[in-house]
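Structural description and commentary
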Amino acid sequence: MTAPAGTRPRAWPYWLTLSFVPLIGIAVTQGGWAIALVPFYGWVLMPLLDTVFGKDLRNPDPNTPEEDLSWFRLLTMIWFPIQFCMLFGTLYYLTHVASYSTAETLAIMFAIGVTTGTVGIVYAHELFHKSNWLERNLGDLLMALVLYGHFRTEHLLVHHPWVGTPRDTVTARYNEGFLRAFPRVLWQGPGSAWWAEQAKLARAGRSPWHRSNPIWKYLALQAAFLALAFVIGSWAGVGLFAFQALVAIWQLELTNYVEHYGLTRKYLGDGRYEPVKAHHSWDSAHRISGLLLINLQRHADHHLHPMRRFPLLQVYDPAEVPMLPTGYPPMTFLAMFPPVWRRLFNPKVRDWRRRYYPEITDWTPYKNGTLPPPHGAA
């Protein structure tokens, strides 16, 4: 059982994510085995600490005043300048100062990508969900640093309204391995974002080529950062920048894969689907990875209350939502091995279907993705 809502959130534990910064500094300046500190920290130490410290089942007061959340907001807002300096400072160091082997150089940029994906994209996600101009633009800047600007449009205009339906590109289909899902999302995502913005502009009587289309902003920011990488390190700088972006995107899409694997909304006929409910997301209440990922793992509440700030996200009773056996890091690692993933999660999905939709006897259209897209989908 979860605790009743009403506890006061504390900001200082969430600043744990800044601990990636000194680890990156050690990896960049020392090279060698020091490079392994970053993936070890995120993928090994955090799950071990989750095991030791268990779950955090406390629910903060969702009506906490905005003025009491300033330290939480500050944490997400300072990450862009930190990541900017960390990323481009590393590019300068690797192309002008260090004399590492190609393998060491790529390993360092891999560690950077783990950080820009694990921290940067998670913070961007928090920021662009807000209506505040500064926060939303900081989110766009963070996504441009990993060359994935369209994700903001795809996430807000497609994923949230159409999660668990054929319209959503990132809802992993039942029995679809990550090694098939990842290239599909990379291919379909930009086009999906473009059509979503086109539909939005059409409703306002504007052409998709209108300057208000945020796709142009995403492309301009990405071009600017690629140009800066070139100025710093020539084509080697561009290649290293693109490599860390790919690693970060891989981290993001692994998380997307885990969050909704096999969970589909009931088809009501005539192109309509049931509203989004808490049980359409895999949830986790593990304490340490929750701090590292600023409560992204409380994903059911995020989908029910997309504008709610991360310290106020709620934990649901396991009777209401499907729960992951661990926090996200071990689950995303497991997703890289589709046979093992299917052996563990396909029975969980089948149990979920029997529990929430006992009236559906034929899941073939859901499994094969042959159901029609929702009405009004772009």
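Residues numbered from 1 in each chain as written. Predicted model: local features only at pLDDT ≥ 70, side-chain atom pairs only at ≥ 80, totals over all residues. Heavy atoms only, no water.

**Looking at the pattern of salt bridges**
Counted by the stated rule, this structure contains 15 salt bridges. Across the pair R58 and D56 runs a salt bridge whose closest N-O atoms are separated by 2.9 Å. The exposure class of R58 is partly exposed, given its relative accessible area of 37%. Owing to a relative accessible area of 15%, D56 belongs among the buried residues under this scheme. One salt bridge in this structure joins D140 and R152, with 2.6 Å as the shortest N-O distance. Within this pair, whereas D140 is found in helix α6 (residues 133-144), its partner R152 is found in helix α7 (residues 151-162), the two being separated by 12 residues in sequence. Exposure class is identical for D140 and R152. Each is buried. Salt bridges sharing partners connect three or more residues here, namely E66, R73, E135 and R309. (Salt bridge = Lys/Arg side-chain N within 4 Å of Asp/Glu carboxyl O. Buried < 20%, exposed > 50% of the residue type's maximum accessible area, 1.4 Å probe, protein only. Helix = DSSP H or I, 4+ residues; strand = E, 2+ residues; numbered from the N terminus.)

**As for the packing of helix α4 (residues 79-97) against α6**
Where α4 contacts α6, the two axes come as close as 10 Å, and the packing angle between them is 20°. The orientation of α4 with respect to α6, classified from their angle, is roughly parallel. Note that α4 runs across α6; the crossing there is left-handed. Two secondary-structure elements touch here, α4 through W79, F80 and Q83 and α6 through L138, L141 and L142. The residue makeup of the contact of α4 with α6, split by class, is 5 nonpolar, 1 polar and no charged. (Axes fitted to C-alpha atoms, helices over the stretch in contact; angles between N-to-C directions. Parallel < 35°, antiparallel > 145°, perpendicular 65-115°, else oblique. Left-handed = near helix turned anticlockwise from the far one by under 90°. Contact = heavy atoms within 4.5 Å. Nonpolar A, V, L, I, M, F, W, Y, C, P; charged D, E, K, R; others polar.)

**Notes on the environment of Y261**
Counting through the fold element by element, Y261 comes out in the loop between α9 (214-260) and β3 (267-269). Here the alpha-carbon distance between Y261 and T165, two residues 96 residues apart in the chain, equals 12 Å. Here Y261 is in contact with A172, R173, Y174, N175, E176, W282, W341, R342, F345, N346 and V349, once residues within four sequence places are set aside.

**Quick notes on the packing of α4 against α9**
In the contact formed by α4 and α9, the axes pass within 10 Å of each other and the chain directions differ by 95°. Taken together, the axes of α4 and α9 are roughly perpendicular relative to one another. Together, F80, F84, L87, F88, L91, Y92, L94, T95 and H96 of α4 and F225, L228, A229, I232, G233, G237, L240, F241 and Q244 of α9 make up the contact between the two elements. Residues of the contact of α4 with α9, tallied by class, amount to 13 nonpolar, 5 polar and no charged.

**Description of the layout of surface pockets**
Empty space left among the atoms is revealed by rolling a probe the size of a water molecule over them. Quantified by volume, the largest pocket comes out at close to 380 Å³. R10, Y14, D56, R58 and L291 are, among the 22 residues lining the largest pocket, the residues nearest its centre. Of all elements in the fold, only β2 (59-60) and α10 (287-292) reach the threshold of two or more residues within the lining of the largest pocket. Ranked by residues supplied to the lining of the largest pocket, first place goes to α10 with 4 residues. In this structure, the second largest pocket occupies an estimated 200 Å³ of space. In this structure, the second largest pocket is lined by 13 residues; those nearest its centre are R152, E197, K200, S212 and P214. Where the lining of the second largest pocket is concerned, the elements lending two or more residues are α7 and α8 (178-203). The element contributing the most residues to the lining of the second largest pocket is α7, with 4 residues. When its residues are assigned to classes, the lining of the second largest pocket shows 5 nonpolar, 3 polar and 5 charged. (1 Å grid on protein atoms, 1.4 Å probe; cavity = no way out; pocket = protein on both sides within 12 Å on 5 of 7 lines; lining within 4 Å. Points joined across faces, edges and corners; volume = space filled by probe spheres on them.)

**Things to note about empty space enclosed by the protein**
This structure, assessed with the given rule, holds 5 cavities of 30 Å³ or more. Considering the residues around the largest cavity, the lining is formed by 21 residues, among which G117, V122, Q251, T255 and L293 are closest to the centre. Of all elements in the fold, only α2 (37-53), α5 (102-128), α7, α9 and α12 (328-335) reach the threshold of two or more residues within the lining of the largest cavity. Its residues placed into classes, the lining of the largest cavity shows 10 nonpolar, 10 polar and 1 charged.

**Details of a nonpolar patch on the surface**
There is a patch of nonpolar side chains on the surface, built from F40, V44 and L48 and spanning about 270 Å² of accessible area. Along the chain, F40 turns up in helix α2. (Patch = residues over 30% accessible without salt bridge, like charges linked within 9 Å, V, L, I, M, F, W, Y side chains within 5 Å. Areas by Shrake-Rupley, 256 points an atom, 1.4 Å probe, with all protein chains shown as cover.)

**Here's the deal with the packing of aromatic side chains**
Taken as a whole, this structure holds 33 aromatic pairs when the rule is applied. Seen from their ring centres, F72 and F310 are 5.7 Å apart, and the 75° between their planes marks the pair as edge-to-face. One end of the pair, F72, is in helix α3 (residues 70-77); the other, F310, is in the loop between α11 (299-304) and α12, and 238 residues separate them in sequence. In this structure F72 comes out as buried when scored by relative accessible area, which is 3%. Taken together through their ring pairs, the aromatic side chains of F178, F182, Y257, Y261, W282, W341 and F345 make up a single cluster. Over the face of the ring belonging to Y174 we find R353, whose NZ or CZ atom lies 4.5 Å from the ring centre. (Phe/Tyr/Trp six-rings, centres within 6.5 Å; stacked < 30°, edge-to-face > 60°. Lys NZ or Arg CZ within 6 Å of the ring centre and 35° of its normal.)

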